[in-house]
Amino acid sequence: MKKQPAEWQLILYIAGQTPKSVKAFSNIKKYAEEHLKGKYSIEIIDLLVNPKLAEGDQILAVPTLVRKVPEPIRKIIGDLSNEERVLVGLNIKSLVSEK
Amino acid sequence: MKKNNTHKKFALPKTPTGVEGLDEITEGGLPKGRPTLICGGAGCGKTLLSMQFLIKGILDYKEPGVFMSFEETAPDLVQNVLSLGFDIEKLKNEKKLIIDHVRVERSEIEEAGEYDLDGLFIRLGYAIDTVKAKRVVLDTIESLFSGLDNQAILRAELRRLFSWLKEKGVTAIITGERGEATLTRQGLEEYVSDCVILLDHRVIDQVSTRRMRIVKYRGSTHGTNEYPFLIDKEGISVLPITSLKLNNKVSSEVISTGVPGLDQMFDGKGFYRGSNILISGTAGTAKTTIAAYFADAQCKQKHRVLYFAFEESPQQLIRNMSSIGIDLEQHIKKGYLQIHSARPTLNGLELHLLNLRKLIQEFKPDAVVIDPISNLTSVGNPHEVRSMMVRLIDMLKIHNITVLFTSLSKQYDGRIPDPAEDSVSSLVDTWITVRDMEGIGERNRGIFIIKARGMGHSNEVREFVITNRGIQLLDVEIGPEGILTGAARGKNALNKKISAFKLQSELDRKDREVARKRQVLEASIMSLKNEFASLEEELSILKVTEQLQSGLTVDKKGTNKKAT
């Protein structure tokens, strides 16, 4: 990990090691490696361990992927199996097409 | 045997809401440890009711609570209930209340694949554990449906949420917007089936009334009617209609009517304390004056009186009564009298009733005057007025408060009672009527008692006059055609005077005649006596003469013998 903050900061909220959260993590990892290689960071917050943090980002559903940076904050809920939606949701799609 | 007993006594455990009246119609409160659905249209008080449930729970029953809001933000909520005098910040700081605002913004959320609402569960669970909450409010959980697309997941998760809440053992309120054909837009009643309360806000004849109805309450009896409720500066209060029973205590203490002379028309010299009195009459027959007399008499005996004036302002009433020598202002200053004025159209009937109830509870009066009730028909039909009166009378009877109503009756031909009077007449204990008696080009006032339960009373129609010294009941004047009033009374009095004068002079004349007769008699007695006396005299003269003569003859004989 780089010392300076990454260009893309992603947080994945999960509630325990459920199949859905595992799947979500592997999916986002895959997309990020593919499109944002070298300029992203993924933090995983387990709400079962830190329930307090759910309020801060207005988490309702799990798993939820939150794009903290760049602004504005975007949230994608679900196991992230729909790649199209994730890329549109994170605004990666437009970057890809620009290239 | 023992088993039977316990079975009999089993009652569903309930959580008191602390909302005035609601606990009575639910017979104890909401089902403990179960979710309750409160549904209703916009602005009918769902949020307020649930907030009151939480705050009262904390303050009165020491049960901490969690308020999860899906609509209003926490600062907004705090502001809104601050106007009710509840300091939420303080409760939050004391760790007795948590307000969590769940923001569901569709534009921020993208759905990609399978998910569940564990995040919500964890948040709620964390909040409940933090303050050890016993009460939870989810206001309005249906907002989730507008924020999230996948309805199948949502419905499954909601079902899971409610059973999870039950497992947690918290008493929960879930609010929902009213739907077109269903109780709630998203059919929440399918999931929350233990207790459903419907709130309603209706406008009839431009008067709005909020009502509440318990649609269902599993495992418990409850009031089934629609109960009007009031939102005021102290929050929500509900007035039950039929939970009151007719088993109040009665008093045999008699209190004065305040009107000199009127007391005499009752065998007991007044009204029973705690009874209700109707004074009906046409316009301008001094109903208000009689009511003010009653209030004045009560205040003078240091009893507290609450006077509701639906026609006059307090100042106007005080001025008008001072013109006949009643000083109401002194009683107000001493705190024995309170006058409340309001136009009947200000509120619906139910709100009037609730207001009366509130004021009565605050002021704790010994007597209440409502002047007049007939004006209330302008905001409700006679049937509604009657039902309101029943509840009002019942409530007052329970507190042993004497109540005096006045009622304006319309001018009807003959003795057909006015509909407004008719609707309440069977409810009242004492009914006094004041009426105009027209005749010989003038109008006089008469008062009579139609009924007085449990007390003998006069059957007379008494005429009364109002002077600057007040009401004065006149003695009954009976002429050849019945009771006389006004000019007829004067004429009768004059007639009486004349005949009395005539009689007197006749008597005098007779007296003189007798005196004369006596004189004549005495004179003739005297002359007879004189006659008699002269007769006697004559007789005695005769006797003497004869004696003398006989003496003479004896002497002659003697001398003759000697000579011979």
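Description of the structure in this document. Computed from a prediction, not measured in an experiment: that's the story for all the values here.

The rules behind each value
Residues numbered from 1 in each chain as written. Chains lettered and ligands numbered in written order. Predicted model: local features only at pLDDT ≥ 70, side-chain atom pairs only at ≥ 80, totals over all residues. Heavy atoms only, no water. Salt bridge = Lys/Arg side-chain N within 4 Å of Asp/Glu carboxyl O. Helix = DSSP H or I, 4+ residues; strand = E, 2+ residues; numbered from the N terminus. Buried < 20%, exposed > 50% of the residue type's maximum accessible area, 1.4 Å probe, protein only. Contact = heavy atoms within 4.5 Å. Buried area = accessible area lost by both parts, 1.4 Å probe. Polar contact = N/O pair within 3.5 Å; in protein donor to acceptor, adjacent residues only side chain to side chain. Pairing = 2+ DSSP bridges. Phe/Tyr/Trp six-rings, centres within 6.5 Å; stacked < 30°, edge-to-face > 60°. Lys NZ or Arg CZ within 6 Å of the ring centre and 35° of its normal.

**What to know about the pattern of salt bridges**
Counted according to the given criterion, the structure contains 23 salt bridges over all chains. With its nearest N and O atoms 3.5 Å apart, the salt bridge here joins Lys 23 of chain A to Asp 79 of chain A. One end of the pair, Lys 23 of chain A, is in helix H1 (residues 19-35); the other, Asp 79 of chain A, is in the loop between strand S4 (74-77) and helix H3 (83-89), and 56 residues separate them in sequence. Note that Glu 506 of chain B and Arg 509 of chain B form a salt bridge whose closest N and O atoms lie 3.3 Å from each other. One end of the pair is Glu 506 of chain B and the other is Arg 509 of chain B, both in helix H16 (residues 486-563) and three residues apart, which spans about a single turn. Using a relative accessible area of 37% as the deciding quantity, one classes Glu 506 of chain B as partly exposed. Under the relative-accessibility criterion, Arg 509 of chain B is labelled partly exposed at 37%. One salt-bridge network, held together by shared partners, links Arg 34, Lys 166 and Asp 194 of chain B.

**Here's the deal with the interface of chain B and chain A**
Listed as interface residues are 24 residues of chain B and, on the opposing side, 27 residues of chain A. For the pair chain B and chain A, the two sides together bury roughly 2300 Å², of which 56% comes from carbon and sulfur. The largest contributions to the chain B side of the interface with chain A come from Glu 110, Ala 112 and Ile 122 of chain B, which together make up 28% of the buried area. Here chain B is connected to chain A by one salt bridge. Close ionic contact of Asp 116 of chain B with Lys 20 of chain A constitutes a salt bridge, the shortest N to O distance being 3.1 Å. Scanning the region where chain B abuts chain A turns up 15 residue pairs in polar contact (both at pLDDT 80 or more). Elements with a contribution of two residues or more to the side of chain B that touches chain A: strand S5 (97-101), strand S6 (109-111) and helix H6 (118-131) of chain B. Tallying contributions element by element places H6 of chain B first for the side of chain B that touches chain A, with six residues. Note: S4 of chain A against S6 of chain B, three bridges, orientation parallel. The residue of S6 of chain B that forms the bridge with Ile 76 of chain A is Glu 110 of chain B.

**What about the packing of aromatic side chains?**
Residue and element names in this part refer to chain B. Inspection of every chain in the model, using the stated rule, returns three aromatic pairs over all chains. Considering the side-chain rings of Phe 121 and Trp 164, the 5.1 Å spacing of their centres and the 50° angle between planes classify their relative orientation as tilted. Separated by 43 residues along the polypeptide, Phe 121 in helix H6 and Trp 164 in helix H8 (residues 151-168) bring together distant segments of the chain. The buried category is assigned to Phe 121, whose relative accessible area is 5%. Seen in terms of ring centroids, Phe 271 and Phe 294 are 5.9 Å apart; in terms of plane orientation they differ by 65°. Their pairing is edge-to-face. Separated by 23 residues along the polypeptide, Phe 271 in strand S14 (residues 271-272) and Phe 294 in helix H10 (residues 287-300) bring together distant segments of the chain. Phe 271 sits in the buried class, given a relative accessible area of 2%. Through a chain of ring-to-ring contacts, the aromatic side chains of Phe 266, Phe 271 and Phe 294 assemble into a single cluster. Directly above the aromatic system of Phe 53 lies the positively charged group of Arg 135, at a separation of 4.5 Å from the ring centroid. Across the ring face of Phe 363, the terminal group of Arg 304 is positioned such that the distance to the ring centre comes to 4.5 Å.

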